[in-house]
Amino acid sequence: MVPHLTTALTGPINELEQRILESMPATERWFRLEWMEHTPPFYTSADLRNAGFKLAPVDTHLFPSTFNNLTPEMLPLAVQAAMAAIEKICPEAKNLLLIPDARTRNSFYLQSVQRLVEVFTQAGLNVRLGSLDESLTTPLPLPLPDGGELLLEPLVRSRGRLGLKDFDPCTVLLNNDLAAGVPRVLEHLHEQYLLPPLHAGWPVRRKNRHFQSYEEVAKKFAKLLGMDPWLINPIHGHCGQVDFADAAGLECVKAQADAVLAKVRRKYKEYGINEKPFVVVKADNATGMGVMALRDVKELDDPERVARGARGLLRGGATPSEVLIQEGVPSCERINDAVAEPVVVMIDRYVVGGFYRVHADRGTDLDLSLPGSTYVPLAFAGGSQLPRPGARPGASAPNRFYMYGVIGRLAMLAAAYELEATDPEAETYD
């Protein structure tokens, strides 16, 4: 079922959609060649924003926790992608140890873990759950909304391997972004595959580095299609040392926000866009956090405005000292008059599905990842969802879904570039 969408696709994005559809063979070949050179993250999700005049990713997650938002119809594609991913890594794999995060009282998260267990079980693996909580000494049943349960078990570490009692896995799959730090039990697992790798966690990862990689990918792809990379790339800046409690510590944020706004104004003028641009300030080393939206840097002269915005960026009780300043991409998508944004979900290099994040109480320029959000699943693949070459641009929802899948895969490719650049074991050459 495709939800009713209201879009304002008039202007450049129609040209972008048409160009992507007409270039489908070249696009798919380009992706194939890229994947010959680069290893995709094990799984990824990308939050996209469709402004009507541009379509771009605004966040890329390497420990996705929204598999519960995929429909049962998407399951076969997810299973097939999981099989391909596992076969590349450990063809003889029999056991998979899945390590979730600490949200064991969040029923939505547990449903996502349940869906992951289902996917990898159908891919032919024995799947069990291990806990990073050192205080857990006996198996803990976790009740699910459907009446079932998951069993969370204490980890057992022996030299270079990690497992459970009477369970020795070939692969350890993390569904924990390690925001609280890297536990010692996960270090030096030289005899097993740990996916994603430790440097994909927030102790190392930075959004600024990711969007630098994405800019590189977007330029390559835009050159292939003969278009302006800005149509798929959010302009961004970065501040490495910020003190929200000190006016002097905000000077970098002001300077970077001013620079991004100036670049966006020039683009708006070039494309005849009669909207006031804005930027969003995000914690550089965190996921799922609030953002501070600014239309004018003078807003940072208001101490109350700054304090309110800084509270929205809190992570673990601490205000971030590193921030990403990103071009704000307003959303023109609506579901039942509520603002919506598409999220693309991928396993290995394959799009396995997606959904719309919807929030009735948020504006077109605001973050939707907040309490009160609802989710409408979408199938990105399948007979009725394939793009139709020759169809008038903007005329059919299926075209849009293919385009979303392309942009999601560009974000995934950028994550592959990013992980290669931060791999502590990568060979370097002088």
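Residues numbered from 1 in each chain as written. Predicted model: local features only at pLDDT ≥ 70, side-chain atom pairs only at ≥ 80, totals over all residues. Heavy atoms only, no water.

Peer 1: Help me understand the sheet that holds strand 13 (residues 292–294) in this model?
Peer 2: Whether parallel or antiparallel, the strands of a sheet pair through hydrogen bonds between backbone atoms. Strand order across the open sheet formed by four strands is 11-14-12-13, with antiparallel pairing between neighbours. Among the strands making up the open sheet, the edge pair consists of strand 11 (236–239) and strand 13. Shown here is a sheet whose adjacent strand axes are inclined to one another by a mean of 20°, direction ignored. Where strand 11 meets strand 14 (residues 323–327), four bridges bridge the pair, whose relative direction is antiparallel. Bridge pairing in strand 14 places C239 opposite V323. Of the strands in this sheet, strand 11, strand 12 (279–283) and strand 14 are in contact with helix 5 (residues 207–225), which crosses strand 11 at around 150°. Of the strands in this sheet, strand 11, strand 12, strand 13 and strand 14 are in contact with helix 6 (residues 251–271), which crosses strand 11 at around 175°. (Pairing = 2+ DSSP bridges. Helix = DSSP H or I, 4+ residues; strand = E, 2+ residues; numbered from the N terminus. Axes fitted to C-alpha atoms, helices over the stretch in contact; angles between N-to-C directions. Contact = heavy atoms within 4.5 Å.)

Peer 1: Just checking my understanding: could you explain the nonpolar core for this structure?
Peer 2: The tendency in soluble globular proteins is for nonpolar side chains to be buried as a group. Counting residues in each nonpolar core, the largest one holds 42 residues, and the members touching the most others are Y214, F221, I232, Y356 and L410. The set of elements that each furnish at least two residues to this core consists of helix 1 (12–22), helix 2 (24–37), strand 1 (43–50), helix 5, strand 16 (338–347), strand 17 (350–359) and helix 8 (397–422). No other element matches the 13 residues that helix 8 contributes to this core. Counting residues in hydrophobic clusters, the runner-up holds 41 residues, among them A78, V79, A85 and V343. (Core = buried A, V, L, I, M, F, W, Y, C linked by side-chain atoms within 4.5 Å. Buried < 20%, exposed > 50% of the residue type's maximum accessible area, 1.4 Å probe, protein only.)

Peer 1: Would you mind going over the state of the cysteines with me for this structure?
Peer 2: A covalent bond between the sulfur atoms of two cysteines is referred to as a disulfide. Scanning all chains against the criterion turns up two disulfides. Each sulfur in the disulfide pair C90 and C170 lies 1.8 Å from the other. The S-S bond linking C90 to C170 shows a torsion near 130°; that makes this disulfide right-handed. Here the residue C90 occupies a position in the loop between helix 3 (75–89) and strand 3 (95–100), and C170 occupies one in the loop between strand 8 (161–163) and strand 9 (171–175), the gap between them amounting to 80 residues. Each member of the pair C90 and C170 is classed as buried. Disulfide partner of C239: C252, at an S-S distance of 2.2 Å. Between C239 and C252, the S-S torsion sits near -100°, and that sign places the bridge as left-handed. Taken together, the residues C239 in strand 11 and C252 in helix 6 connect sequence positions 13 residues apart. With cysteine numbering restricted to those in disulfides and following the sequence, the chain has the pairing 1-2, 3-4. (Disulfide = S-S within 2.5 Å.)

That's the geometry; what it means functionally is another story.
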